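# Per-entry structural report
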Amino acid sequence: MRIAALVTVVAVLGLAGTSLAEVRIDYFDGVIQADGSVVPGSLSQNTGWDDGLGPWYEYPQGADPAWWNEWFYNDPPKPPPWYKEINFSLDVIGPGVVEVAINWSTLAFPPTGPGGPPPMALDEPFIMREIVYTGGEVMNYCGTFRIADYNPEWVSIDIRAQQGADIEVLGCI
């Protein structure tokens, strides 16, 4: 069984009540295999943070199936009135259940700059998560997610799928 998921997430940063300040786009791709592990995708266009072990990281939280994420540097953190708006589209082809979440660092996370590291699983007090999609066979699912309170330094895409189905993931954030 194979599920092909095309995930496109475009992050837009703006100042509350004014015009958009900057558009940032990063890319990711990978294959979540039937056993729940992730390998880089065939396009290998990942621009997320990589400490030399690869861009995809598993949260060791005991979730079944596991969450896999890729972090992207956004900007130095900015308190209100700044906010972060993320526009995304998601294509899923094939049977099975896919969950996609957006994570972001809190203002309490000590700034690290673009060289990282981002907050990781052990930094849970510094991470917020919102599931933005759960489902199967959909085409052109689009949405907007807004972090209204501030602009975070780091954002990530998280994805997981039921075991037994391969999922191809390609997109941008």
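Residues numbered from 1 in each chain as written. Predicted model: local features only at pLDDT ≥ 70, side-chain atom pairs only at ≥ 80, totals over all residues. Heavy atoms only, no water.

## Quick notes on the overall build of the protein
Using the following cut-off: Per the convention used, a helix needs a DSSP run of H or I reaching at least four residues, while a strand needs a run of E reaching at least two, with both numbered from the N terminus. Think of it in three bands: with a 1.4 Å probe and only protein chains considered, a residue is buried below 20% of the maximum accessible area for its type, exposed above 50%, and partly exposed in between. Pairs of residues are marked as contacts when any of their non-hydrogen atoms sit within 4.5 Å. Each accessible area is a Shrake-Rupley estimate made with a 1.4 Å probe; only the visible protein chains count as cover when residues are assessed.
Check the secondary structure of the protein and you find zero helices and 12 strands. Listing each helix as α and each strand as β along the protein from the N terminus yields β-β-β-β-β-β-β-β-β-β-β-β. Residue burial in the protein is summarised as follows: out of 173 residues, 50% are buried. Expressed as a percentage of contacts within the protein between residues at least 6 apart in sequence, the contacts between residues at least 24 apart total 79%. Summed over all atoms, the accessible surface of the protein reaches about 7800 Å², with 57% contributed by carbon and sulfur.

## Notes on the nonpolar core
Note the following rule: Take the buried residues of types Ala, Val, Leu, Ile, Met, Phe, Trp, Tyr and Cys, join any two whose side-chain atoms come within 4.5 Å, and each joined set is a nonpolar core.
Judged by nonpolar contacts, the single largest core of 21 residues is most densely connected at Trp56, Val100, Ile102, Trp104 and Phe145. For this core, the secondary-structure elements that each account for two or more residues are β3 (27-32), β6 (68-73), β7 (82-93), β8 (98-105), β9 (127-135), β10 (138-147) and β11 (154-161). A total of four residues in this core trace back to one element, the largest contributor, which is β8. Trp49, Tyr57, Tyr73 and Ile127 belong to the second largest nonpolar core, which has 10 residues in total.

## Re the pattern of salt bridges
Filter applied, for reference: The salt bridge definition used is simple: a Lys or Arg side-chain nitrogen within 4 Å of an Asp or Glu carboxyl oxygen.
Taken as a whole and assessed by the stated rule, the structure comprises two salt bridges. Between Arg160 and Glu99 there is a salt bridge, with its nearest N and O atoms 2.7 Å apart. In this pair, Arg160 is assigned in strand β11 and Glu99 in strand β8, connecting sequence segments 61 residues apart. Just as Arg160 is buried, Glu99 falls in that class too. Note that Asp158 and Arg129 form a salt bridge whose closest N and O atoms lie 2.9 Å from each other. With Asp158 in strand β11 and Arg129 in strand β9, this residue pair connects regions lying 29 residues apart in the sequence. Its relative accessible area of 0% is what places Asp158 among the buried residues. By relative accessible area, Arg129 is classed as partly exposed at 30%.

## A closer look at the packing of aromatic side chains
Quick note on the threshold: Pairing of aromatic rings covers Phe, Tyr and Trp, the last through its six-membered ring, and needs centres within 6.5 Å; plane angles under 30 degrees mean stacked, over 60 mean edge-to-face, and all others mean tilted. Geometrically, a lysine NZ or arginine CZ counts as sitting over a ring once it is within 6 Å of the ring centre and also within 35 degrees of the ring normal.
If you walk through the whole model with that rule in mind, you get four aromatic pairs. Relative to Tyr57, the ring of Trp49 lies with its centre 5.8 Å away and its plane at 35 degrees, an arrangement referred to as tilted. Of the residues examined, Tyr57 reaches a relative accessible area of 12% and is grouped as buried. Relative to Trp154, the ring of Tyr73 lies with its centre 5.4 Å away and its plane at 80 degrees, an arrangement referred to as edge-to-face. Here Tyr73 is found in strand β6, whereas its partner Trp154 is found in strand β11, with 81 residues between them in sequence. By relative accessible area, Tyr73 is classed as buried at 16%. Stacked on the ring of Trp82, the Lys or Arg Lys78 has its end atom at 5.1 Å from the ring centre.

Spatial relationships are all this shows, so hold off on functional conclusions.
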